[in-house]
Amino acid sequence: MGAEARAAALGLDIPDYADPPYGGRYGRVKAFHRVGDFVEFSGITPETRGGDQLHPGVVGVDVTLEQAREAARFTAINALGMMRLALGSLDQVAGLSRALCFVLTPPAYPPIYEVAQAASDVFLDVFGDEIGTAGRATFGVASLSRNNCFELLLSLEAASKG
Amino acid sequence: MGAEARAAALGLDIPDYADPPYGGRYGRVKAFHRVGDFVEFSGITPETRGGDQLHPGVVGVDVTLEQAREAARFTAINALGMMRLALGSLDQVAGLSRALCFVLTPPAYPPIYEVAQAASDVFLDVFGDEIGTAGRATFGVASLSRNNCFELLLSLEAASKG
Amino acid sequence: MGAEARAAALGLDIPDYADPPYGGRYGRVKAFHRVGDFVEFSGITPETRGGDQLHPGVVGVDVTLEQAREAARFTAINALGMMRLALGSLDQVAGLSRALCFVLTPPAYPPIYEVAQAASDVFLDVFGDEIGTAGRATFGVASLSRNNCFELLLSLEAASKG
């Protein structure tokens, strides 16, 4: 069972980043760049295509840990849409490389990896362990754009062309 | 019109990172590494080759948003010098991959992407939309080396050799 | 003299990340991903394989600069173990690409690059200048997992296979 079939079976509501075209809210940015089979994505946020934010604010102050996990899960589903935009299909993902998770936190808020794991769980459910497990690091930062509580930096290996 | 011609037409004062040789102020670091056509750069800062800093300090506290944008623009011009060092010429840039922007901020300072956009604008002016638009993410952090207000992490695709 | 011989001469105590298998403490993560000759590693921390942390806490508050440098040095030695896991031998490292250093700091703590340099010194001792010098950037962040005082994000070029 491939990743597209799994995503369908899970009933995930994956946004279309081709329509309307990606970019604009934060100025001139593009969604991804591919060099050979290596793909780096632009920062992915817990926002709808229309700009509605899920649980903005500082985790542990304005936003609970569980809400931050919801935002991370939502961001990971958005990432699936970004992958489709980059590769045409989730079935073209050969392996996740690195998922860097940035969480808006007050000083010294250690459980940030619990937020990151909520994003990882989506990738494991859709891609399985071999393709869906990523290297990871999680950082609590002072500020994120529009006060989002989470932002994901993803890189991956695409299946080779031809 | 290529990127070198555009940079000349814009009158940008691009520093030479070959003379004096890059490195030293922050210990033993190198300017870039290339694997195939993928190039990762060392952190790029709003400092002259001699070490003079443009607008150091915390954005929103010691430094205004407009000053931070000046620092980001100055950093992007420095990045052009780093690209020349890596590739020989700006005309050898096939595409920017990812521009990660780190801004020195107090807690919860959302307009950080306005700072990042000032760097992006330089790249768009020099390379045009197709080559000069990058994936991007912007983070407000507690500390940067020497209290710089901005630091840029850049990766790009070089034109293939031969 | 190769990197393995130098590491042996230095008497470094490099942990084995194959036994027990890497991963688990922070959820489902993998150690590294390789695309062609480019390798990205998961975040590397100043922790023993058993989970004991070296000098957790905020640098400049709970932890001295010198203690943070010890943690960075310990992390770099752990990174050598991660490289062995990824490539089989340190002698398969063709060149370090980028070492991103994240330090747990209070607001505006500029000497973070002195912490990062302690990690760089290990790489220079083991690999020599040509292979062991990396591009680098250092960021002071509000939070790191388990309140570690340091975390390293490393990418490198592996020697080409066959």
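Rules behind the numbers
- Here the residue index of a chain counts from 1 through its sequence in written order.
- Chain labels run from A onward and ligand labels from 1 onward, assigned in the order the entries are written.
- The model is predicted, so local features are restricted to residues of pLDDT at least 70 and side-chain atom pairs to those at 80 or more, both for listing and for counting; the totals for chains, interfaces and linings are taken over all residues.
- The side-chain quantities take in all heavy atoms of the structure and omit both hydrogens and water.
- A carboxyl oxygen of Asp or Glu within 4 Å of a side-chain nitrogen of Lys or Arg is what we treat as a salt bridge.
- To sort residues, take the accessible area from a 1.4 Å probe on protein chains only and compare it with the maximum for the residue type: under 20% means buried, over 50% means exposed, and anything in between is partly exposed.
- What counts as a helix is a DSSP run of H or I of at least four residues, what counts as a strand is a run of E of at least two, and both are numbered from the N terminus.
- Strand pairing requires that DSSP identify at least two bridges connecting the strands.
- Throughout, a residue-residue contact means that at least one pair of heavy atoms, one from each residue, lies within 4.5 Å.
- Axes, fitted as lines to C-alpha atoms, cover a helix only where it is in contact. Angles between the N-to-C directions of the axes lie from 0 to 180 degrees.
- Fitting of the copies onto one another was done by least squares over C-alpha atoms, counting residues only where both copies have pLDDT of at least 70.
- The score called pLDDT rates the predictor's confidence residue by residue, from a low of 0 to a high of 100.
- Two kinds of site are reported from a 1 Å grid over the protein atoms alone, namely cavities, where a 1.4 Å probe fits but cannot get out, and pockets, open sets with protein on both sides within 12 Å along at least five of seven lines, and residues are called lining when an atom falls within 4 Å of a point.
- Grid points are joined across faces, edges and corners, and a volume is the space filled by probe spheres set on the points.
- The residue classification treats Ala, Val, Leu, Ile, Met, Phe, Trp, Tyr, Cys and Pro as nonpolar and Asp, Glu, Lys and Arg as charged. All others, Gly included, are polar.
- Here the quantity called buried area is the total loss of accessible area, with a 1.4 Å probe, experienced by two parts when brought into contact, counted for both.
- Pairs of N or O atoms are called polar contacts if they sit within 3.5 Å, as long as, within protein, a hydrogen donor faces a hydrogen acceptor (for residues adjacent in sequence, only side-chain-to-side-chain pairs).

Peer 1: Explain the pattern of salt bridges to me, and be specific about the residues and the numbers.
Peer 2: Where charged atoms from two side chains of opposite charge approach closely, those side chains can pair. Scanning the model with the defined rule gives 18 salt bridges over all chains in all. A salt bridge links Arg-34 of chain A to Asp-37 of chain A; the shortest N-O distance between them is 3.1 Å. The exposure class of Arg-34 of chain A is buried, given its relative accessible area of 17%. When the shortest N-O distance is used, the salt bridge between Arg-98 of chain C and Glu-40 of chain B registers 3.7 Å. Taken together, the residues Arg-98 of chain C in strand S3 (residues 93-104) and Glu-40 of chain B in strand S2 (residues 38-41) connect one chain to another. Just as Arg-98 of chain C is buried, Glu-40 of chain B falls in that class too.

Peer 1: Explain the sheet that holds strand S6 (residues 150-158) of chain C to me, and be specific about the residues and the numbers.
Peer 2: Taken together, six strands build an open sheet; the order of strands is S5(B)-S4(C)-S3(C)-S6(C)-S2(C)-S1(C) and the sheet is mixed. Two strands in the sheet have a free side with no partner beyond their single neighbour: strand S5 (143-144) of chain B together with strand S1 (32-35) of chain C. As paired strands, S1 of chain C and strand S2 (residues 38-41) of chain C are joined by four bridges and run antiparallel to one another. Paired with Phe-32 of chain C across the strands is Phe-41 of chain C, a residue of S2 of chain C. Against the sheet, helix H2 (residues 65-87) of chain C touches S1, S2, S3 and S6 of chain C, its axis set at about 35° to S6 of chain C. On the sheet, helix H3 (residues 112-132) of chain C packs against S5 of chain B together with S3, strand S4 (135-141) and S6 of chain C and is oriented at approximately 170° with respect to S3 of chain C.

Peer 1: Could you give an account of the relation of the copies chain A and chain B, naming the residues involved and the relevant values?
Peer 2: In the superposition of chain A on chain B (RMSD 0.0 Å, axial shift 0.0 Å), the rotation amounts to 120°. The superposition of one copy onto the other is thereby described by a three-fold rotation axis. Considering only C-alpha atoms, the part of chain A nearest the rotation axis is Val-141 of chain A, at 3.1 Å. Here only 8% of the interface residues in chain A have copies in chain B that are interface residues too; the copies meet through unlike faces.

Peer 1: I'd love a proper account of the relation of the copies chain B and chain C, names of residues and values included.
Peer 2: Between the two copies of this chain, the relationship is a rotation about some axis together with a displacement along it. At an RMSD of 0.0 Å, chain B and chain C line up after a rotation of 120° and a shift of 0.0 Å along the axis. When the interface residues of chain B are mapped onto chain C, a mere 8% of them again fall at the interface, so the copies present different faces.

Peer 1: Please set out the confidence of the model for chain A residue by residue, giving values where relevant.
Peer 2: Taken residue by residue, chain A gives an average pLDDT of 96. The fraction at 70 or more is 99%. The complex prediction reports pTM at 0.97, with the ipTM value standing at 0.96.

Peer 1: Which residues make up empty space enclosed by the protein, and what values go with them?
Peer 2: Under the defined criterion, the tally for this structure stands at two cavities of 30 Å³ or more. Of the voids in this model, the largest cavity is the one considered here, and its volume is about 170 Å³. Lining the largest cavity are 18 residues, and of these Arg-98 of chain A, Arg-98 and Leu-100 of chain B together with Arg-98 and Leu-100 of chain C lie nearest its centre. Elements with a contribution of two residues or more to the lining of the largest cavity: strand S3 (93-104) and strand S6 (150-158) of chain A, strand S3 (93-104) and strand S6 (150-158) of chain B together with S3 and S6 of chain C. By residue class, the composition of the lining of the largest cavity is nine nonpolar, three polar and six charged. As a volume, the second largest cavity reaches approximately 30 Å³. Lining the second largest cavity are Ser-120, Phe-123, Leu-124, Gly-132, Thr-133 and Ala-134 of chain A together with Arg-28 of chain C. The residue makeup of the lining of the second largest cavity, split by class, is three nonpolar, three polar and one charged.

Peer 1: Can you tell me about the interface of chain B and chain C, naming the residues and giving the values?
Peer 2: On the side of chain C, 30 residues touch chain B, which itself brings 26 residues to the contact. Carbon and sulfur atoms supply 56% of the area that chain B and chain C bury against each other, a total of about 2,300 Å² over both sides. Among the residues of chain B in contact with chain C, Arg-28, Glu-40 and Ser-143 of chain B are the three that bury the most area, contributing 27% of the side total. Scanning the region where chain B abuts chain C turns up two salt bridges. The partner of Arg-28 of chain B in a salt bridge is Asp-129 of chain C, and the shortest N-O contact between them spans 3.0 Å. Across the contact surface, chain B and chain C share 19 residue pairs in polar contact (both at pLDDT 80 or more). Listed by contribution, the elements that provide at least two residues to the side of chain B that touches chain C are strand S1 (32-35), S2, S5 and S6 of chain B. Grouping the amino acids of the side of chain B that touches chain C by side-chain chemistry returns twelve nonpolar, seven polar and seven charged.

Peer 1: Pulling in residues and values, what's your account of the interface of chain A and chain B?
Peer 2: Contacts between the two partners involve 26 residues from chain A, matched on the other side by 30 residues from chain B. Taken together, the two surfaces of chain A and chain B that pack against each other cover about 2,300 Å², and 56% of this comes from carbon and sulfur. Contact with chain B buries area across many residues of chain A, yet Arg-28, Glu-40 and Ser-143 of chain A alone supply 26% of it, more than any other trio. Across the contact surface, chain A and chain B share two salt bridges. Here chain A is connected to chain B by 19 residue pairs in polar contact (both at pLDDT 80 or more). Broken down by secondary-structure element, the contributors of at least two residues to the side of chain A that touches chain B are strand S1 (32-35), strand S2 (38-41), strand S5 (143-144) and S6 of chain A. Bridge count between S5 of chain A and strand S4 (residues 135-141) of chain B: two bridges; the pairing is antiparallel.

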